[in-house]
Amino acid sequence: MSDSRIGEGNARHVAHAARSPLLRLILLGLVLGFAFQGTRGLWSPDEGRYVDGALQMLDSGNYLAPGYSPDRVNFSKPPVTYWIIAASIRVFGRNTWAARMPYALAFVLTLWLLYAMGKQLTPEKPWLPGLVYACAIFPFFATNIISTDVFLTLFEALAMFGFMRWAFTQNGRERRRYAWLMWLGFGLAFMTKGPPGLTPLLAVVPFIVGRDGWRGLGRLFSPLGLCIFFVVALFWYLVAVLRYPWLVRYFLDQEVYQRLFTAVQRRHPGAFGWLVVYLPTLVLGSLPWWPKLIREMRAAASFRKWKRWRQEHTVEFFLALWFFVPLVMFCLVQSRLPLYILPLFLPLSLLLALALRKKINLGKARQRAWLCAWVIVLLALKGGIAYFVHSTDDNRLAARQLAALTHPYSYSAVAFIESTDLDYDVEEQTPWGMRLYVDKPIYGIAWRSSQSNTALCRALRDGSTLLVVDPPLRPDALKPALAGCAVRDVVRLGKWRNSALEWVQS
């Protein structure tokens, strides 16, 4: 074959790839996910906590126990999020873009999995579920927020892709493989956020029992599948508990009982807290798509037509279970934040795609123009927030202010002295993300706790330490404790946001 023919063949291949719906969806995800991803600084409390935990792993070499600082571990979440951020920072450097890069990548991979599910549910337009998810306001902005939930959504998408292929595929060998894939996804989800990663099973179990009976559920819960789940999901827990025996009580009490049944987290508890958090998230977060779904749901909402609708729309019925059953659980739990329901935008996007598949036609110039305009609006909002919203929770801004106030003094660590006896207050109020910008350990000390003096001495062992004293406290109150730590010099540096600054040489 001549070189010219080979060149023509390659050109046709490239042209065909450029027209590929999956490639176009991935390119859209790359634009939406990576644009302005490193422009905004880390915001407290969550973004700073996760990045600080990843940096603590890198600096200490301890990848088993996430921590805030050299003297404070943090087992509120499993380590997958910290591992991913730490790996990105090691490769791309200590900067905000590196910390958020994995979230953009997870966003793109989620679109890919939605495309794979779309090939089964909307084969004529497999790109539509991914397009709905990518352009919905809430998933788009969530990609710019460092948390566990973007990774959780990705792993739940992997699990539910495996389940849907298992549930709606006839080939026995392929079904087994997809069941194993489902358990792998649930194992990764559990290692990302613990029990909340299994919430889709609340929809899977009744659906399979109702359709196939208990034998069908037994086939799904195969021994090999469960082994895959237990190895992936529980191996770290086993090692961590052997290393820290007190973790069993901690997990059961603080991370399960208190989050489910008490208001200790102060995250919109009460009978109607869910209404304040989740209703606006769903209504505003699913724009511009949800108005098109209302008419499609009327048949399902009609009690008289419910049984017939369920029989004729098996897939839609399962997607409705996947959306509503976990949503009810999230409403009942007393710890509520908007990002908790990000994974529910997976079934919502699939439902919307089914409802819109006859109405969305990007072959029409008018619809393409509206889509381009909406993408520009999303990017403008993301860039506008990054450049023009200067929150007091911005840890990069805080680091710059401290640097200006403390020049020319150098220090090896920063310790925030909080006027509280609760560790939870320290975790929420300390700007842990400053560690990324000052490249020094950050300590948080509950001054009214019985261990405050010991914690202060540990923070001072690095040599010179900058103390940031909470406004209700007077710096003089620290003198007896500082004397007990055998410090050599104390210099008052003024105030930062009404907090007293002291440079301490030990």
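Reading the values: rules and limits
Residues numbered from 1 in each chain as written. Predicted model: local features only at pLDDT ≥ 70, side-chain atom pairs only at ≥ 80, totals over all residues. Heavy atoms only, no water. Disulfide = S-S within 2.5 Å. Helix = DSSP H or I, 4+ residues; strand = E, 2+ residues; numbered from the N terminus. Buried < 20%, exposed > 50% of the residue type's maximum accessible area, 1.4 Å probe, protein only. pLDDT = per-residue confidence, 0-100. Contact = heavy atoms within 4.5 Å. Expected span 1.5 Å × (residues − 1). Core = buried A, V, L, I, M, F, W, Y, C linked by side-chain atoms within 4.5 Å. Phe/Tyr/Trp six-rings, centres within 6.5 Å; stacked < 30°, edge-to-face > 60°. Lys NZ or Arg CZ within 6 Å of the ring centre and 35° of its normal.

Chemist: Run through the state of the cysteines, naming residues and quoting values.
Modeler: With the rule as written, the count across this model stands at one disulfide. The disulfide bridge from Cys457 ends at Cys485, spanning 2.0 Å between sulfur atoms. Taking the sign of the S-S torsion, about -90 degrees here, the bridge from Cys457 to Cys485 comes out left-handed. Taken together, the residues span a long stretch of sequence, with Cys457 in helix α22 (residues 452-459) and Cys485 in the loop between α23 (479-484) and β6 (489-496) at a distance of 28 residues. Note on Cys485: relative accessible area 15%, which makes it buried. The closest cysteine sulfur to the non-disulfide-bonded Cys135 is located on Cys372, 9.7 Å from its own sulfur.

Chemist: Run through the confidence of the model for the chain, naming residues and quoting values.
Modeler: In this model, the chain carries an average pLDDT of 89, and 89% of its residues clear a pLDDT of 70 or more. Looking across the chain, the model is least confident in helix α1 (residues 3-18), with a mean pLDDT of 44, and most confident in helix α4 (residues 80-92), with 98. Predicted confidence is poor over residues 1-11, with pLDDT under 50, and the contacts of this stretch with residues over four places away or in other chains come to one contact. A low-confidence stretch, residues 13-18 (pLDDT under 50), is modelled with three contacts involving residues beyond four sequence positions or located in other chains.

Chemist: Describe helix α3 (residues 46-60), and please don't skip the residues or the numbers.
Modeler: For α3, spanning 15 residues, the distance from its first C-alpha to its last is 21 Å, which sits close to the expected 21 Å at 1.5 Å a residue. In terms of burial, α3 is a largely internal element, twelve of the 15 residues being buried. Listed as buried for α3 are Glu47, Gly48, Arg49, Tyr50, Val51, Asp52, Gly53, Ala54, Leu55, Gln56, Met57 and Leu58. On its buried face, α3 is in contact with β1 (67-69), α4, α5 (96-121), α19 (395-406), α20 (423-429) and α21 (434-438). A positive phi of about 80 degrees marks Gly61, the residue just after α3.

Chemist: Run through the nonpolar core, naming residues and quoting values.
Modeler: Counting 114 residues, the largest nonpolar core has Phe163 and Trp322 as the members making the most contacts within it. Of all the elements, helix α8 (residues 149-167) adds the most residues to this core, at 14 residues. Apart from residues no more than four positions distant in its own chain, Phe163 is found in contact with Tyr178, Met182, Val204, Phe207, Ile208, Leu220 and Phe318. Among the nonpolar cores identified, the runner-up in size contains 20 residues, and Ala399, Val414, Met434 and Trp503 belong to it.

Chemist: For the environment of Ala415, give the residues involved together with the corresponding values.
Modeler: Of note, Ala415 is situated in strand β3 (residues 413-418). Given a relative accessible area of 0%, Ala415 falls into the buried group. When the C-alpha atoms of Ala415 and Leu467 are compared, they prove to be 4.9 Å apart, with 52 residues separating the residues in sequence. Setting aside chain neighbours within four positions, we find Ala415 in contact with Tyr443, Ile445, Ala459, Thr465, Leu466, Leu467 and Val468.

Chemist: Kindly report on unusual backbone geometry, identifying the contributing residues and their values.
Modeler: Going from Ser44 to Pro45, the amide bond is cis rather than trans, its omega being 0 degrees. Geometrically, the link from Leu287 to Pro288 is a cis peptide bond, its omega value of 10 degrees lying close to zero. Assignment of secondary structure puts Pro288 in the loop between α13 (273-285) and α14 (294-301). With a phi close to 55 degrees, Asp439 is a non-glycine residue in the positive phi region. Mapped onto the elements of the fold, Asp439 is located in the loop between α21 and β4 (442-446).

Chemist: Quick rundown of the packing of aromatic side chains? Include the residues and the values.
Modeler: Scanning the entire structure with this criterion turns up 32 aromatic pairs. Consider the rings of Phe92 and Trp97, whose centres lie 5.4 Å apart with planes at 85 degrees: the pair is edge-to-face. For Trp97, a relative accessible area of 32% gives the class partly exposed. When the ring of Trp183 is compared with that of Phe229, the centres are 5.8 Å apart and the planes differ by 65 degrees; the resulting orientation is edge-to-face. Placement of the pair is Trp183 in helix α9 (residues 172-193) and Phe229 in helix α11 (residues 223-243), with a sequence separation of 46 residues. Ring-pair connections join several aromatic residues into one group, and the members of that group are Phe75, Trp183, Phe186, Phe190, Phe221, Phe229, Phe230, Trp236, Tyr237, Tyr244 and Trp246. The side chain of Arg211 reaches across the aromatic face of Phe168, ending 5.6 Å from its centre. In this arrangement the basic side chain of Lys440 is found over the ring face of Tyr411, its NZ or CZ atom lying 5.4 Å from the centre.

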